[in-house]
Amino acid sequence: NKESQEYKGISEAGVELAKQRAPEILKILEQAKPGSVMFIGGASEQIRTKSTGRAFGDSVRELAEEEQKDDILVLDYDSLADPKKSYSKIVDEVVEIIEKNPGKKIMIDFPMFLKQFTMTQCLDKEGNSSEYDKELSRINNGDDTARERDWFDNQGKLGNLKVSSPDEIAEAHLRGIERLREFASKSLKNREIIIGLIGHGWNMDALVVYLANHGVADLEGFKKIGKSVSETQISQIKLETDGQAKLIFDGQEFPIELKCNV
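Fair warning: this is a prediction, and the values are worked out from it, not measured in the lab. (Residues numbered from 1 in each chain as written. Predicted model: local features only at pLDDT ≥ 70, side-chain atom pairs only at ≥ 80, totals over all residues. Heavy atoms only, no water.)

Looking at this structure, I do not really get the overall build of the protein chain. What am I missing?
When helices and strands are tallied, the protein chain shows nine helices and nine strands. Among the 262 residues that make up the protein chain, the fraction classed as buried is 51%. Of the contacts made within the protein chain by residues no fewer than 6 positions apart, 69% connect residues no fewer than 24 positions apart. Accessible surface for the protein chain amounts to roughly 13400 Å². Of this, 45% is attributable to carbon and sulfur atoms. (Helix = DSSP H or I, 4+ residues; strand = E, 2+ residues; numbered from the N terminus. Buried < 20%, exposed > 50% of the residue type's maximum accessible area, 1.4 Å probe, protein only. Contact = heavy atoms within 4.5 Å. Areas by Shrake-Rupley, 256 points an atom, 1.4 Å probe, with all protein chains shown as cover.)

Looking at this structure, how should I read unusual backbone geometry?
Across the chain, the bulk of peptide bonds are trans and the bulk of non-glycine residues have phi less than zero. Phi at Gln68 is positive, roughly 55 degrees, even though this residue is not glycine. Relative to the helices and strands, Gln68 is located in the loop between α2 (47-66) and β2 (72-75). Gln68 gets classed as exposed once you look at its relative accessible area, which sits at 63%. For Gln155, which is not glycine, the phi dihedral falls at a positive 55 degrees. Here Gln155 is to be found in the loop between α6 (144-154) and β4 (157-158).

Sorry, what's going on with the side chain of Asp150 here?
Checked against the element boundaries, Asp150 lands in helix α6. Overall, the relative accessible area of 16% leaves Asp150 in the buried class. At a separation of 3.0 Å, a polar atom in the side chain of Asp150 contacts the side chain of Asn140. Discounting chain neighbours no more than four positions away, the residues touching Asp150 are Tyr132, Leu136, Ile139, Asn140 and Gln155. (Polar contact = N/O pair within 3.5 Å; in protein donor to acceptor, adjacent residues only side chain to side chain.)

Okay, here's the thing in structure tokens:
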């Protein structure tokens, strides 16, 4: 597939997939409480995660305008990003816009890099396929499902090769989510916050299995879930005003205890 000129790191077909997800994301906003803020904010070191977030934001904004959703406001990347402004200045401007629209449901599409969302089980420090990943591919003839199953089974260890285990990836994601929660709660008080996560399939699967399987991301837990996170699928972290948090994935809800150190 040809790479999109507008969204680096994803194909034209990937952009179309993101557009197909727009009604689903808009529905999340429609069903949220008045004044809720949805934050598309987590991205890994791979540029495609930021690009996918931007494609989501643009598609939802266009759809909301087309359907004349006057109670929904989308602050997209292009309207927020400005190389002349500091990050804190951009945040201040976003908060000011939100405060001026108390009754509206707002989507903030500004994917920022979180080191906790990196793909340490598949990539080396230079961003190339890790030796562990190469060996998994060789053993499984490149079969993605079999590779992931083996990662849950061997917990990131193949002979002398060792990478992050599913448990370690899940716990790192929870620390990343805690960072997003702290950012959002300091800046956006007394509002229900929805964090839209665009993660790599294996990483998100590790998080879902970890939460659904009582803090253990192993092969047995992976088999229980029975379904992997698909491309462009968005998962939600909902942070309610009473301090409760939960992950919503594929229609299922998993409670989260955000007690990790950032």
